[in-house]
Amino acid sequence: MSSSPLLNELIEALRCLPGVGGKSAQRMAFHLLERERERGLKLATVLQQAMQKIGHCSRCRNFSETPVCATCASSSRDRHVLCVVESPTDLAAIEQATGYRGQYFVLMGRLSPLDGLGPEELGLGLLSERLAEGEVEELILATNPTVEGEATAHYLAQLARAAGIRPTRLAHGVPLGGELEYVDRGTLAHAFGSRQSVD
Ligand SMILES: [Zn+2]
């Protein structure tokens with residue numbers, strides 16, 4: 001505790017960031033006050049604007065400043081393919097790593113009844129409406145290969161089939177350049193179980 005209540009408040013506020021405990025928060029606060037006053041003020045302004053102005057896209061649920069995000073509004077993205085991801089981070093990873101040119105739907109979580117995350121919280125009503133529009137032909141299930149991610153994918157696959165849409169799942173396999181002995185058991189078991197024919 002310092003002699004400045006405001007400093008204490010700043011340290012406490014910084015602790016809302018992931019992975020930031022008391023000590024790190026204190027270091028950040030001192031750093032800003034000692035060396036980065038100007039950029040600290042800039043951070044405060046941008047933070048305030050972002051918190052107030054960034055909402056969710058009404059079509060894909062990704063973060064957006066406009067009612068419909070740029071990806072959903074883009075005429076150059078393929079509207080017949082819809083990729084479902086758990087988070088904006090996953091969406092960004094796919095955008096950066098692949099040449100995917102279809103559209104997205106962001107769940108902002110995964111089915112997890114114990115955490116109170118059900119179909120409603122994940123916006124599956126909105127997804128169903130989207131599928132019912134008739135444009136989507138393939139639903140790519142890009143949820144994570146965790147127990148909850150798999151359960152979510154299973155649920156979404158049923159939703160897709162009910163709408164007459166083909167669900168596809170990302171293959172989870174041995175990493176390129178990897179050696180079997182270093183691959184974790186779950187990955188190896190999954191890769192082995194989803195083996196495909198070679199010609
Ligand atoms: Zn969108």
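Residues numbered from 1 in each chain as written. Predicted model: local features only at pLDDT ≥ 70, side-chain atom pairs only at ≥ 80, totals over all residues. Heavy atoms only, no water.

A. Structural detail: the coordination of the zinc ion. Here the zinc ion is held by the protein donor atoms Cys57 (SG), Cys60 (SG), Cys69 (SG) and Cys72 (SG), which lie 2.3 Å from it. If you look at the zinc ion, its four donor atoms make angles of 107 to 116 degrees with each other, and the shape they trace is tetrahedral. In primary-sequence terms, the residues that donate to the zinc ion follow C-x2-C-x8-C-x2-C. Here cysteine 72 lies in helix 4 (residues 70-73) and cysteine 57 lies in the loop between strand 1 (55-56) and strand 2 (63-64), a separation of 15 residues in the sequence. Across the pair, cysteine 72 and cysteine 57 agree in class, each one buried. (Donors = N, O, S within 2.8 Å, 3.2 Å for Na, K, Ca; no water. Tetrahedral: all angles 85-135°; square planar, octahedral: opposite > 155°, others 65-115°. Helix = DSSP H or I, 4+ residues; strand = E, 2+ residues; numbered from the N terminus. Buried < 20%, exposed > 50% of the residue type's maximum accessible area, 1.4 Å probe, protein only.)

B. Examining the pairing of strand 6 (residues 166-169) more closely. Across four bridges, strand 5 (residues 138-141) lies against strand 6 in parallel orientation. Considered in strand 6, the bridge of glutamate 138 is made with arginine 166. A crossover links strand 5 with its parallel partner strand 6, the connecting element being helix 7 (residues 147-162), and its sense is right-handed. (Pairing = 2+ DSSP bridges. Right-handed = clockwise from strand over helix to strand, strands pointing away.)

C. Region of interest: the sheet that holds strand 6. Pairing is parallel in the open sheet, where four strands are placed in the order 4-3-5-6. Each edge of the sheet is formed by a strand with only one pairing partner; in this case those strands are strand 4 (102-106) and strand 6. Strand-to-strand twist across the sheet, computed as the mean angle between neighbouring axes with direction ignored, equals 25 degrees. The sheet contacts of helix 6 (residues 124-132) involve strand 3 (78-85), strand 4 and strand 5, and relative to strand 4 the element is tilted by about 155 degrees. (Axes fitted to C-alpha atoms, helices over the stretch in contact; angles between N-to-C directions. Contact = heavy atoms within 4.5 Å.)

D. Highlighting unusual backbone geometry. Phi angles above zero are rare outside glycine, and arginine 61 is one such case at about 70 degrees. Its place among the elements puts arginine 61 in the loop between strand 1 and strand 2. At methionine 108, a position not held by glycine, the phi torsion is positive, near 60 degrees. You can see methionine 108 is positioned in the loop between strand 4 and helix 6. Judged by relative accessible area, methionine 108 falls into the partly exposed class, the value being 26%.

E. Broad picture of the packing of helix 6 against helix 7. The contact between helix 6 and helix 7 brings their axes to 10 Å, and the two run at 35 degrees. Read as a crossing pair, helix 6 and helix 7 show a hand that is right-handed. Between helix 6, through Leu124, Leu127, Ser128 and Leu131, and helix 7, the contact on the second element is made entirely by Tyr155, Leu156, Leu159 and Ala160. Grouping the constituent residues of the contact of helix 6 with helix 7 by class yields seven nonpolar, one polar and no charged. (Left-handed = near helix turned anticlockwise from the far one by under 90°. Nonpolar A, V, L, I, M, F, W, Y, C, P; charged D, E, K, R; others polar.)

F. Summary view of the packing of helix 1 (residues 5-14) against helix 2 (residues 22-35). Look at helix 1 against helix 2: their axes get within 8 Å of each other, and the N-to-C directions meet at 125 degrees. Taken together, helix 1 and helix 2 sit at an angle that is classed as oblique. Along this stretch, helix 1 crosses helix 2, giving a crossing that reads as right-handed. Listed contacts from helix 2 to Leu7, Leu10, Ile11 and Leu14 of helix 1 are Gly22, Ala25, Gln26, Met28, Ala29, Phe30 and Leu33. (Parallel < 35°, antiparallel > 145°, perpendicular 65-115°, else oblique.)

G. Looking closely at helix 7. Between the first and last C-alpha of helix 7 there are 23 Å, a value that for 16 residues agrees with the 22 Å anticipated at 1.5 Å per step. Turning to helix 7, its buried residues are Gly149, Thr152, Ala153, Leu156, Ala157 and Ala160. Seen end-on, helix 7 carries its buried residues on one side only, within an arc spanning 145 degrees. In helix 7, those exposed residues whose orientation departs by more than 90 degrees from the buried face are Val147, His154, Arg161 and Ala162. On its buried face, helix 7 sits against strand 3, helix 6, strand 5 and strand 6. Where helix 7 ends, the next residue or the one after it, glycine 164, has phi of about 75 degrees, a positive value. (Expected span 1.5 Å × (residues − 1). Arc of directions from axis to C-beta.)

So yeah, pure geometry; function would need other evidence.
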